[in-house]
Amino acid sequence: MPSAEAALTCERLSVSYAGRSVLHDVTLSVPYGSALALVGPNGAGKSTLIKSVLGLVETRGAIRVLDRDPARARPEVAYVPQADTLDPSFPITAGEVVLMGRYRSIGWFRRPREGDRRIAAAALDQVGLSARSGDRFGTLSMGQRQRVLLARAIAAAPRLLLLDESFNGVDAASQDAIVETLLGLRAAGTTMVIATHDLPLARRACDLACLINCTVRALGAIDEVLEPGRLYHAMAS
Ligand SMILES: Nc1ncnc2c1ncn2[C@@H]1O[C@H](COP(=O)(O)OP(=O)(O)OP(=O)(O)O)[C@@H](O)[C@H]1O
């Protein structure tokens, strides 16, 4: 099985919920430093694959994350959820949300140090929202909230970054800020897996794509995989 060259490898990975198969024999690999767009229709199993990488669901087959089991790799993996899955009424500022990205290394019951605050501030700056640090998270636009969640993930300095539909409901300025940030992270060597329905944004941010619908329908260079004819055949078959 491939390993040292890849940040993520799945071999014949399968997941069932209550006996119903949602991922079947998924085999793929994501080299270190690449950004993979995970594309497929609703219910295709994209989020389930991300949960498998995070070690949150029971899997069959093999999965290696940063050359380890998912649970052991977890400290070096960061996850950006959809902003609308978070309660906007929670009384916390944007800066405090980003600082949460440091807790895995600080320890939940210790106070953040000056260095942690500096890293969190730099992450918020990276997504272009330094000026909003003291604003309550729930008062920001959906796109800005998504950027704050990306900054929280960056603050953890992950080797593998997972994004699940982070472009949904996001305004054009925030989309641009997110794509620029992702390109910067890629240039710095961070590996990424990005589940998205937004093909133009996937093309901007990623070098690889995987078409998935319960199993892998196509995998390779993004321009080839997302070529319209191929996209149609892969998803219709
Ligand atoms: N906890 C769960 N229990 C039972 N079924 C689930 C659970 N989570 C997801 N499913 C089902 O598994 C299938 C795959 O869901 P998943 O969320 O992984 O797909 P997705 O490709 O991310 O979809 P979307 O693009 O709509 O977010 C769907 O049919 C979904 O209803």
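This is a predicted model, so every value here is computed, not measured.

1. Focus: the overall build of the protein
Link 1 in the chain: For the protein, the helix and strand inventory stands at 10 helices and nine strands.
Link 2 in the chain: By the compact-globule yardstick of 18 Å for 237 residues, the protein fits well, its C-alpha radius of gyration being 18 Å.
Link 3 in the chain: Along the longest, intermediate and shortest principal axes, the C-alpha atoms of the protein span 50 × 35 × 35 Å.
Link 4 in the chain: Within the protein, the fraction of its 237 residues that count as buried is 45%.
Link 5 in the chain: Taking all contacts inside the protein whose residues are at least 6 apart in sequence as the whole, residues at least 24 apart take part in 67%.

2. A word on the sheet that holds strand E1 (residues 6-17)
Link 1 in the chain: Here three strands make up an open sheet; going across it, the order is E2-E1-E4 and the pairing antiparallel. If you trace the sheet from one side to the other, it starts and ends with strand E2 (20-31) and strand E4 (60-65), each paired once. Adjacent strand axes in the sheet meet at a mean angle of 15° when their direction is disregarded.
Link 2 in the chain: Pairing between E1 and E4: five bridges, direction antiparallel. Bridge pairing in E4 links Thr9 to Arg64.

3. Focus on the site of the ligand
Link 1 in the chain: If you check the shell around the ligand, you find Tyr17, Val22, Gly40, Asn42, Gly43, Ala44, Gly45, Lys46, Ser47 and Thr48 and nothing else.
Link 2 in the chain: Considering each element in turn, the shell around the ligand owes the most residues, three residues, to helix H1 (residues 46-53).
Link 3 in the chain: Here the residues of the shell around the ligand sort into three nonpolar, six polar and one charged.

4. Overview of H1
Link 1 in the chain: For H1, the tally of buried residues reaches six of eight residues, placing the bulk of the element in the interior.
Link 2 in the chain: Those residues of H1 lying buried are Lys46, Thr48, Leu49, Ile50, Ser52 and Val53.
Link 3 in the chain: Positive phi appears at Gly55, one or two residues downstream of H1, with a value of about 75°.

5. What about the packing of helix H5 (residues 114-126) against helix H6 (residues 142-155)?
Working note: a packed helix pair is described by the angle between its axes plus the distance between those axes.
Link 1 in the chain: At a minimum axis distance of 8 Å, the contact between H5 and H6 shows a crossing angle of 135°. For the element pair H5 / H6, the angle class is oblique. As for the relative orientation of H5 and H6, their crossing is right-handed in sense. Touching Ile119, Ala120, Ala123, Leu124 and Gln126 of H5 are Ala151, Ile154 and Ala155, all from H6.
Link 2 in the chain: Here the residues of the contact of H5 with H6 are counted per class, giving seven nonpolar, one polar and no charged.

Rules and cut-offs
Residues numbered from 1 in each chain as written. Predicted model: local features only at pLDDT ≥ 70, side-chain atom pairs only at ≥ 80, totals over all residues. Helix = DSSP H or I, 4+ residues; strand = E, 2+ residues; numbered from the N terminus. Rg over C-alpha atoms; globule rule 2.2 N^0.38 Å. Buried ≥ 20, exposed ≤ 12 C-beta atoms within 10 Å, placed from the backbone. Contact = placed C-beta atoms within 7 Å. Pairing = 2+ DSSP bridges. Axes fitted to C-alpha atoms, helices over the stretch in contact; angles between N-to-C directions. Near = placed C-beta within 6 Å. Nonpolar A, V, L, I, M, F, W, Y, C, P; charged D, E, K, R; others polar. Parallel < 35°, antiparallel > 145°, perpendicular 65-115°, else oblique. Left-handed = near helix turned anticlockwise from the far one by under 90°.

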